[in-house]
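Here is how the chains run, residue by residue.
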Amino acid sequence: ECELFRRAKDDEELAVSVSDVLSTRATATLRSRGYAVRAYMRWARASGIGAWPMKEEVFYRYARHLRETGAAATKAQSFLKAMSFTAFLFGIPAGTAATKSGRLTGAAWTMFARKRLTTGRSPFTVAQVRFLQAAVSSEGLPILDRLLAGLSCCLAQCRLRHADSQSTCTEPAL
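All figures in this text were calculated on a predicted structure; none of them were measured in a lab. (Residues numbered from 1 in each chain as written. Predicted model: local features only at pLDDT ≥ 70, side-chain atom pairs only at ≥ 80, totals over all residues. Heavy atoms only, no water.)

For the structure on display, the rule yields nine aromatic pairs. The interplanar angle of 50° and the centroid separation of 5.1 Å between the aromatic rings of Trp43 and Tyr62 together place this pair among those described as tilted. Taken together, the residues Trp43 in helix H3 (residues 27-47) and Tyr62 in helix H4 (residues 56-68) connect sequence positions 19 residues apart. Accessibility expressed as a relative area gives 2% for Tyr62, which makes it buried. Measuring from ring centre to ring centre gives 4.8 Å for Tyr62 and Phe79, while their planes differ by 70°; the resulting arrangement is edge-to-face. Of the two residues, Tyr62 sits in helix H4 while Phe79 sits in helix H5 (residues 75-90), which places them 17 residues apart along the sequence. (Phe/Tyr/Trp six-rings, centres within 6.5 Å; stacked < 30°, edge-to-face > 60°. Helix = DSSP H or I, 4+ residues; strand = E, 2+ residues; numbered from the N terminus. Buried < 20%, exposed > 50% of the residue type's maximum accessible area, 1.4 Å probe, protein only.)

Below, the structure written as structure tokens:
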């Protein structure tokens, strides 16, 4: 049973409670968890299985389905994270127990172990950062180039991703 649902007096209070619970979460987190839950619900509907309430048996069948169909190596782990997130935030003890199942976590790990090593970008060198800093104040460059150099410096110095910088409300002080 969902603790949040049980405590709500009516649909309006439930909607406000859900909004409050999710308000502290990053949009990117909500989006990624939502994608995983929607994929699970599509599979459950296509398979004629009830997606809710949260049950370990159904979760495990879905994880096996992902493995057998050759889904992306991280898909089962993303699903597991999404369901753990949902169970924790909305107070669903059965969901928490289901996501801690040994066979479910093992199935997700088995898939993840197939993942190839990712190679990230190499960090900026000192010379590259100095070049960007000089470009910001260089009057010989077009304004758009100077603005992009400034944004790059800001992202590097604040250790931000571009998406995170979109919610910046005040200018950083260096």
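Our next topic: helix H7 (residues 102-113). For H7, spanning twelve residues, the distance from its first C-alpha to its last is 16 Å, which sits close to the expected 16 Å at 1.5 Å a residue. Within H7 the residues assigned to the buried category are Leu104, Ala107, Ala108 and Met111. Down the axis of H7, the sector holding all buried residues measures 95°, keeping them to one side. Facing away from the buried side of H7, by more than 90 degrees, are the exposed residues Gly102, Trp109 and Ala113. Elements that come into contact with the buried residues of H7 comprise H4, H5 and helix H6 (93-99). (Expected span 1.5 Å × (residues − 1). Arc of directions from axis to C-beta. Contact = heavy atoms within 4.5 Å.)

With that out of the way, let us pick up the packing of H4 against H5. Where H4 meets H5, the closest approach of the two axes is 9 Å, and the angle between their N-to-C directions is 155°. By the angle between their axes, H4 is roughly antiparallel relative to H5. H4 and H5 meet at a crossing whose hand is right-handed. Contacts from Phe59, Tyr62 and Leu66 in H4 reach Lys75, Ala76, Phe79 and Met83 in H5. (Axes fitted to C-alpha atoms, helices over the stretch in contact; angles between N-to-C directions. Parallel < 35°, antiparallel > 145°, perpendicular 65-115°, else oblique. Left-handed = near helix turned anticlockwise from the far one by under 90°.)

So, on to the environment of Gln133. Examined against the element boundaries, Gln133 turns out to sit in helix H8 (residues 126-136). Sequence-wise, Gln133 and Ala87 are 46 residues apart; in three dimensions their C-alpha atoms are separated by 46 Å. In contact with Gln133, other than residues within four places in its own chain, are Cys153 and Gln157.

Once that is clear, we can look at the nonpolar core. Grouped together as the largest cluster of nonpolar side chains are 33 residues, with contacts concentrated most on Tyr40, Trp43, Phe59, Tyr62 and Met83. For this core, the elements supplying multiple residues, two or more each, are H3, H4, H5 and H7. Ranked by residue count, the leading element in this core is H5, at nine residues. Among residues more than four places away in sequence, those in contact with Phe59 are Tyr40, Met54, Phe79, Met83, Ala98, Thr99 and Leu104. (Core = buried A, V, L, I, M, F, W, Y, C linked by side-chain atoms within 4.5 Å.)

One pass over the structure, following the stated rule, counts three salt bridges. As a salt-bridge pair, Lys9 and Glu13 come within 3.8 Å of each other at their nearest N and O atoms. Looking at Glu13, the relative accessible area reads 28%, which means it is partly exposed. With a closest N to O distance of 3.6 Å, Arg64 and Glu68 form a salt bridge. On the criterion of helical spacing, the pair formed by Arg64 and Glu68 is a turn pair, its members being four residues apart in helix H4. (Salt bridge = Lys/Arg side-chain N within 4 Å of Asp/Glu carboxyl O.)

Next up on the list: H3. Along its 21 residues, H3 runs 30 Å from first to last C-alpha, staying within 8% of the 30 Å computed at 1.5 Å per residue. Inspection of H3 places Gly34, Ala36, Val37, Ala39, Tyr40, Trp43 and Ala44 among the buried residues, and these make up the whole buried set. Buried residues along H3 sit in contact with H4 and H5. Gly48 occupies a position one or two residues after H3 and carries a positive phi of about 70°.

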